[in-house]
Amino acid sequence: MNILDIIQDGVAKGVKELYDHDIDPSSVNLSGTRKEFEGDYTVVVFPFTKAAKKKPDVIGEELGNYLTQNIGQLVRFNVIKGFLNLVVSDDYWTDFLQDIAQQEQYGQHQPNGKKVMVEFSSPNTNKPLHLGHIRNILLGWSTSRILEAAGYEVVRVQIVNDRGIAICKSMLAWQKFGEGATPESMGKKSDHFVGHFYVLFEQKFKEEYTAWQASEEGQKVFAEKQKKDQDQTAFFKAYKNTYFNEYSALGQEAKSMLLQWEAGDEATIALWKKMNNWVYQGFDVTYQNLGVHFDKLYYESNTYLLGKETVLNGLENSTFYKKEDGSVWIDLEDAKLDHKLVLRSDGTSVYMTQDIGTAQLRYQDYGVDKMVYVVADEQDYHFKVLFEILKRLGEPYADGLHHLSYGMVDLPSGKMKSREGTVVDADDLMAEVKEEARMNSGERGTIIDLPKEEQDDIIRKIGLAALKYFIVRVNPQKRMTFDPKESVDMQGQTGPYIQNAFVRIQSVLRKAGEIDFAKAKDYTTLQPQEKDIILQLFDFPNIIEQAANDYDPSHVGAYCYNLAKSFHKFYHDLPMLKAETEAAKVFRLMLSTQLAKTLQFGMDLLGIEMPHKM
RNA sequence: GGUCCCGUAGCUCAGCUGGAUAGAGCAACUGACUUCUAAUCAGUAGGUCACAGGUUCGAAUCCUGUCGGGAUCACCA
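Sequence order sets the numbering: in each chain, residues are counted from 1 along the sequence as written. Think of it this way: whatever chain is written first is A, whatever ligand is written first is 1, and the rest follow in order. Residues qualify for local features only when their pLDDT is at least 70, as the model is predicted, and side-chain atom pairs are given and counted only at 80 or more; totals for whole chains, interfaces and linings, by contrast, use all residues. Hydrogens and water are ignored here; the side-chain numbers use all heavy atoms of the structure.

Brief notes about the overall build of chain A
Only runs of H or I of at least four residues qualify as helices and only runs of E of at least two qualify as strands under DSSP, and these elements are numbered from the N terminus. On a plain count of helices and strands, chain A comes out with 24 helices and 15 strands. Overall, the C-alpha framework of chain A stretches about 90 × 65 × 50 Å when taken along its three principal axes. Expressed as a percentage of the 614 residues in chain A, the buried residues total 51%. Surface exposure here means Shrake-Rupley accessible area, sampled with a 1.4 Å probe, where a residue is shielded only by the protein chains that are shown. Of the roughly 29,700 Å² of accessible surface on chain A, a fraction of 47% belongs to carbon and sulfur atoms. Just so you know, the count uses Lys and Arg for positive and Asp and Glu for negative, and it drops His and the chain ends. Charge positions are represented by NZ for Lys, CZ for Arg, CG for Asp and CD for Glu. Here chain A contributes 71 positive and 89 negative side-chain charges, whose respective centroids are spaced 3 Å apart. In this scheme, a residue with accessible area under 20% of its type's maximum is buried, one over 50% is exposed, and one in between is partly exposed, where area comes from a 1.4 Å probe on protein chains only.

Set out below in structure tokens:
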């Protein structure tokens, strides 16, 4: 039992003994004491006023006396209004520090025997990764690390959208206009190379469309189908999809390529494989630079036919129903989700059907208890429906499904739009942030004596820390504004600020040399700065648990920042190597050591590495 | 129009199951470096928690409504 449980338990017993009233220990409202008052933890006594029939401050006094008499670890208390502030003995905290120093990895929970699958990234294969993918990948990666720290076994997967009209556009453009070019011949990273042809297709298509708009046929369509008060520009903007499907020569070619692909045409498949392999090679580099990896990739080309059988089975037991045209639907009105199509009238699968099949496939592959899908919030409705269907199908993992929904990333200038060229490329962004770190480091000259290779490694760690922390500190649910200028900031609430705390500790430890931590036991009276740190260290496992339960890495981000901040203050206020006594010196070094280890582990959960110098 | 998400300092964001005088960072201003390396610390200033009701001893937090922003409501993925 840790001190929090002991206090809650004690309060419950005290309320029973003093006021003859039963309460659940876990319902006792216990929080950290605010800085301006003395105390480590605060019990809110308002809830007991009814049972006790006394004023809050009287209850506080009585309960405070009871607790300090019955709980050895509590040494003092004070009451302010309805708040009972409790002071835990320094002995308890110094013992706690000794205790975590013995642990192999403080914060890492025991295995809980459960397996969770986390799906993230899941890009289309027609163009390179961008800032939106980065948020997805960082969220997915850090969530998976946090789940591991919370005791889960984790399987990292993605579903690669390697088929469909988008990749056909890249393929067609390369075939028509590429003249046999390769990434090597053009000197481009291979995923960017494929993206180049996707953009080229869109350009050619736009030219074609513009010409058509002025043509006799285009003008005729406009005259016939325009809505009232709709001008020509607005009409043709809205008409683009229809044009692509019904009039466009390029559209026709792309569509027939898709049909050939589905028919298994050899030449088309070969081209498709060639283009996709280029993309994968490029993605691999980006993933490696980001420091993430996957256990298994699912490809849509293998899964897009799945789920149909399940739907047909479900048709027999009336989970689904068939319309006259042969299409199959599910009625989710009682779950406020309307009716949803699951098989087309020609019997083929739709997105939803695939996802049903893929979920089942994954369960067969790994037998997981939970599945987490990291997908942007524009698909909230889709996942609500998917989860409801899987529940009605009685899938064993249905209660463990979670959509980690995150908001889109905006730029200060507004939304990212590929058509307007405002999309921030993932590779470019990483390069920029490293460049900024290089310039910063150059100005300081603190690592100039190190070998070039080591300098580069440090600079990479700092740059990526700035970028990653900037993104991962924001609550996933919220839409976020990504200001490139702020993302390379290295002062204040940033990744490098946190790294700097770690680096400072490494520097002091290097100077300290051999330390006999046993001497720390002679240090018995804690300074406020020291206690502040210990209390935060004590909180670490809870933070991890909470972040895992909420699927929210930003909790860990905030925690690491606060811990680093407390360290910087401690470092400023109290000497370590020149401490007043040997015991104080050793104790502070031990405290710093544990803090550094905790910071390193916490930041690792966010996918951020610590340099030893900076 | 139906449904869902968001709205906190000039800007970017915290604020745990309702708890004390709503907190950080950036930007602005002031101070602290022959130091355990200042990517740091200390301080000043900055708020009608979108708005209006309601529940409660107590509401940024829960409920209802209004306004503003976004998403979604395809035999697309």
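A closer look at the sheet that holds strand E7 (residues 296–299)
Paired strands are those between which DSSP finds at least two bridges. Taken in spatial order, the five strands make up an open sheet running E7-E6-E5-E11-E12, and their pairing is parallel. The outermost strands of the open sheet, each flanked by one partner alone, are E7 and strand E12 (401–406). Averaged over all pairs of adjacent strands, the angle between strand axes in this sheet comes to 25°, irrespective of strand direction. Across five bridges, strand E5 (residues 115–119) lies against strand E6 (residues 153–160) in parallel orientation. When the bridges of E6 are listed, Glu119 appears paired with Val157. Pairs of residues are marked as contacts when any of their non-hydrogen atoms sit within 4.5 Å. To get an axis, fit a line to the C-alpha atoms, keeping to the stretch in contact for a helix; angles then go from 0 to 180 degrees between the N-to-C directions. Seen against the sheet, helix H16 (residues 351–366) touches E5, E6, E7 and strand E11 (370–376) and runs at an angle of roughly 150° to E7. Along the sheet face, helix H17 (residues 380–392) touches E11 and E12 and points at about 180° away from the line of E12.

Looking at the protein's contact with RNA strand B
Lining the immediate surroundings of RNA strand B are 63 residues, of which Phe83, Asp325, Lys415, Leu574 and Lys578 lie closest. For RNA strand B, the fraction of atoms within 4 Å of the protein that belong to sugar or phosphate moieties is 64%. Under the rule applied, a polar contact is a pair of N or O atoms within 3.5 Å (in protein, one hydrogen donor and one hydrogen acceptor; residues adjacent in sequence only if both atoms are side-chain atoms). Between RNA strand B and the protein, one listed contact pairs a phosphate oxygen with a side-chain N or O atom of Arg34 at 2.8 Å. Separating a sugar or linking oxygen of RNA strand B from a side-chain N or O atom of Tyr571 is a distance of 2.5 Å. Among the elements of the structure, strand E2 (41–44), strand E4 (83–88), H17, strand E15 (480–481), helix H21 (495–512) and helix H23 (554–573) are those that each provide at least two residues to the surface near RNA strand B. Any residue that is not Ala, Val, Leu, Ile, Met, Phe, Trp, Tyr, Cys, Pro, Asp, Glu, Lys or Arg is counted as polar, Gly included; the first ten are nonpolar and the last four charged. Across the surface near RNA strand B, the residue classes break down as 25 nonpolar, 19 polar and 19 charged. It suffices for a single heavy atom of a residue to lie within 4 Å of a molecule or strand for the residue to be listed as near it.

Focus on empty space enclosed by the protein
Gaps left between atoms show up when a probe the size of a water molecule is rolled over them. Buriedness for pockets is judged along seven lines, at least five of which must meet protein on both sides within 12 Å for an open set on the 1 Å grid over protein atoms alone, while cavities are sets there where a 1.4 Å probe fits but cannot get out, and lining residues have an atom within 4 Å of a point. Grid points are joined across faces, edges and corners, and a volume is the space filled by probe spheres set on the points. Tallied over the full model, the rule gives one cavity of 30 Å³ or more. Each pocket or cavity is described by its volume, and for the largest cavity that value is around 50 Å³. Lining the largest cavity are Arg460, Lys461, Leu464, Ala465, Lys468, Gly607, Ile608 and Glu609. The class makeup of the residues in the lining of the largest cavity is three nonpolar, one polar and four charged.

Remarks on the pattern of salt bridges
Here, a salt bridge means any Lys or Arg side-chain nitrogen found within 4 Å of an Asp or Glu carboxyl oxygen. For the coordinates displayed, the defined rule picks out 31 salt bridges. In this structure, Arg156 and Glu148 form a salt bridge, with 3.0 Å as the shortest nitrogen-oxygen distance. Glu148 gets classed as partly exposed once you look at its relative accessible area, which sits at 21%. Beyond isolated ion pairs, a larger network of salt bridges with shared partners links Arg145, Glu148, Arg156 and Asp604.

Some remarks on the nonpolar core
Within soluble globular proteins, side chains that are nonpolar generally end up buried alongside one another. Grouped together as the largest cluster of nonpolar side chains are 163 residues, with contacts concentrated most on Tyr41, Val43, Trp93 and Ile498. Counting residues per element, this core draws most heavily on helix H24 (residues 582–605), at 13 residues. What Trp93 contacts, discounting residues up to four positions off in sequence, is Ile3, Asp40, Tyr41, Val88, Leu526, Lys531, Ile534, Leu535 and Phe538. What we call a nonpolar core is a set of buried Ala, Val, Leu, Ile, Met, Phe, Trp, Tyr and Cys residues that are connected through their side-chain atoms within 4.5 Å.

Here's the deal with the side chain of His192
Counting through the fold element by element, His192 comes out in helix H8 (residues 190–214). At a separation of 2.7 Å, a polar atom in the side chain of His192 contacts the side chain of Asp427.

Quick look at the layout of surface pockets
Put simply, the second largest pocket is a space of about 1,100 Å³. What lines the second largest pocket is a set of 33 residues, among which Thr33, Gly39, Lys531, Asp532 and Leu535 lie closest to the centre. Breaking the lining of the second largest pocket down by element, the ones donating at least two residues are helix H1 (3–19), strand E1 (30–32), strand E3 (74–80), E4, helix H22 (528–550) and H23. If you tally residues by element for the lining of the second largest pocket, the top one is H22, at eight residues.

As for unusual backbone geometry
With the exception of glycine, the majority of residues adopt a negative phi angle, and the majority of peptide bonds are in the trans configuration. One non-glycine residue, Asp20, adopts positive backbone phi at about 50°. You can see Asp20 is positioned in the loop between H1 and E1. Using a relative accessible area of 60% as the deciding quantity, one classes Asp20 as exposed.

Some thoughts on the domain arrangement of chain A
Splitting chain A by domain gives domain 1 (3–88), domain 2 (164–275), domain 3 (308–348) and domain 4 (426–605). Note: domain ranges come from an automatic or database domain assignment. Computed from C-alpha coordinates alone, the two centres of domain 1 and domain 2 are separated by 70 Å.

Here's the deal with the packing of H1 against helix H3 (residues 56–70)
Where H1 meets H3, the axes come as close as 10 Å, and the angle between the chain directions of the two elements is 115°. Judged by the sense of rotation from one axis to the other, the crossing of H1 with H3 is right-handed. Contacts between H1 and H3 involve Ile7, Gly10, Val11, Lys13, Gly14, Val15, Glu17, Leu18 and Tyr19 from the first element and Ile59, Glu62, Leu63, Tyr66 and Leu67 from the second. Among the residues forming the contact of H1 with H3, the class breakdown is nine nonpolar, two polar and three charged. Should the near helix be turned anticlockwise from the far one by less than a right angle, the crossing is termed left-handed; should it be turned clockwise, right-handed.

Considering the packing of aromatic side chains
Only Phe, Tyr and Trp rings are paired, with Trp represented by its six-membered ring, and only when their centres lie within 6.5 Å; those with planes under 30 degrees apart are stacked, over 60 edge-to-face, the remainder tilted. Summed over all chains, the structure comprises 45 aromatic pairs. Plain terms: the ring middles of Tyr497 and Tyr561 are 5.3 Å apart, the flat faces sit at 40° to each other, and that makes the pair tilted. Note that Tyr497 is positioned in helix H21 and Tyr561 in helix H23, a separation of 64 residues in sequence. Taking relative accessible area as the criterion, Tyr497 reaches 18% and is therefore assigned buried. Between Phe567 and Tyr571, the aromatic rings sit 5.7 Å apart at their centres with planes inclined by 40°, giving tilted as the arrangement. With Phe567 and Tyr571 both in helix H23 and four residues apart, this pair spans about one turn of that helix.

Concerning the confidence of the model for chain A
Of all residues in chain A, 100% have pLDDT values of 70 or greater, and the mean over the chain is 93. We note a pTM of 0.95 for the whole complex and an ipTM of 0.96 for its interfaces. For every residue, the pLDDT score states the predictor's confidence, bounded by 0 at the bottom and 100 at the top.

Structural notes on helix H4 (residues 90–102)
The terminal C-alpha atoms of H4 lie 19 Å apart, and with 13 residues this matches the ideal 18 Å at 1.5 Å per residue to within 8%. Every buried residue of H4 is accounted for by Asp90, Tyr92, Trp93, Thr94, Phe96, Leu97, Gln98 and Ile100. A helix is expected to span 1.5 Å multiplied by its residue count minus one.

Description of the environment of Gly495
One can find Gly495 in helix H21. Along the sequence, Gly495 and Gln232 sit 263 residues apart, while their C-alpha atoms lie 50 Å from each other. In contact with Gly495, not counting residues within four places along its chain, are Ala465, Tyr469 and Met603.

Looking at the sheet that holds strand E14 (residues 414–415)
Strand order in this open sheet of three strands is E14-E13-E15, and the pairing throughout is mixed. On the outer flanks of this sheet lie E14 and E15, each paired with one strand and no other.

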